[in-house]
Amino acid sequence: QVQLVESGGGLVQSGGSLRLSCAASRSIFTIYAMGWYRQAPGKERELVATFTSGSITNYADSVKGRFTISRDNAKNTVYLQMNSLEPEDTAVYYCHAEAYGGTILNEYWGQGTQVTVSS
């Protein structure tokens, strides 16, 4: 089992910055993949940025060059630094993790944090 606790969402003006945090309940070295998804009203949930297999990162094209995913292994925490925010980034952001339970890869989600970017 992995519990994920997010923080850092809020309201920001276009062009501003926010940093999201996601604290995992166990060592992120034991987690296969960890990162962020988002869901805007009326849209499907989409990948924003993730770590996979250790240090391999993956970003959505729409956030490349603006968002940076990072982690603090000692704190079991993954961060999403979001710069140059646009109204189109408005969504609920969810922390996501995949971890093996035996041979089964399980998915875990945080409760979500709202990010609102005003124009």
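Residues numbered from 1 in each chain as written. Predicted model: local features only at pLDDT ≥ 70, side-chain atom pairs only at ≥ 80, totals over all residues. Heavy atoms only, no water.

Novice: Teacher, can you tell me more about the side chain of arginine 38 here?
Specialist: As for its position among the elements, arginine 38 is in strand β4 (residues 33-39). Of the polar contacts made by the side chain of arginine 38, one reaches the side chain of serine 62; its length is 3.4 Å. If near-sequence neighbours (up to four positions away) are discounted, arginine 38 is found in contact with Glu44, Arg45, Glu46, Val48, Ser62, Val63, Phe67, Glu88, Asp89, Ala91, Val92 and Tyr93. (Helix = DSSP H or I, 4+ residues; strand = E, 2+ residues; numbered from the N terminus. Polar contact = N/O pair within 3.5 Å; in protein donor to acceptor, adjacent residues only side chain to side chain. Contact = heavy atoms within 4.5 Å.)

Novice: Explain the state of the cysteines to me, please; I cannot follow it from the model alone.
Specialist: The bond known as a disulfide is covalent and runs between the sulfur atoms of two cysteines. Tallying each qualifying case throughout the model produces 1 disulfide. Across a sulfur-sulfur distance of 2.0 Å, cysteine 22 and cysteine 95 are joined as a disulfide pair. Taking the sign of the torsion about the S-S bond as the criterion, the disulfide between cysteine 22 and cysteine 95, at about -85°, is left-handed. Pair noted here: cysteine 22 is in strand β3 (residues 18-24) and cysteine 95 is in strand β9 (residues 91-101), with a separation of 73 residues, a long-range link. Of the residues examined, cysteine 95 reaches a relative accessible area of 0% and is grouped as buried. (Disulfide = S-S within 2.5 Å. Buried < 20%, exposed > 50% of the residue type's maximum accessible area, 1.4 Å probe, protein only.)

Novice: Explanation requested: the side chain of aspartate 89 in the structure shown.
Specialist: Take aspartate 89: it is sitting in the loop between β8 (77-82) and β9. Relative accessible area serves as the criterion here: at 1%, aspartate 89 is assigned to the buried category. Of the polar contacts made by the side chain of aspartate 89, one reaches the side chain of arginine 38; its length is 2.9 Å. Residues contacting aspartate 89, with those up to four places away along its chain left out, are Arg38, Arg66, Phe67, Ser84, Val115 and Val117.

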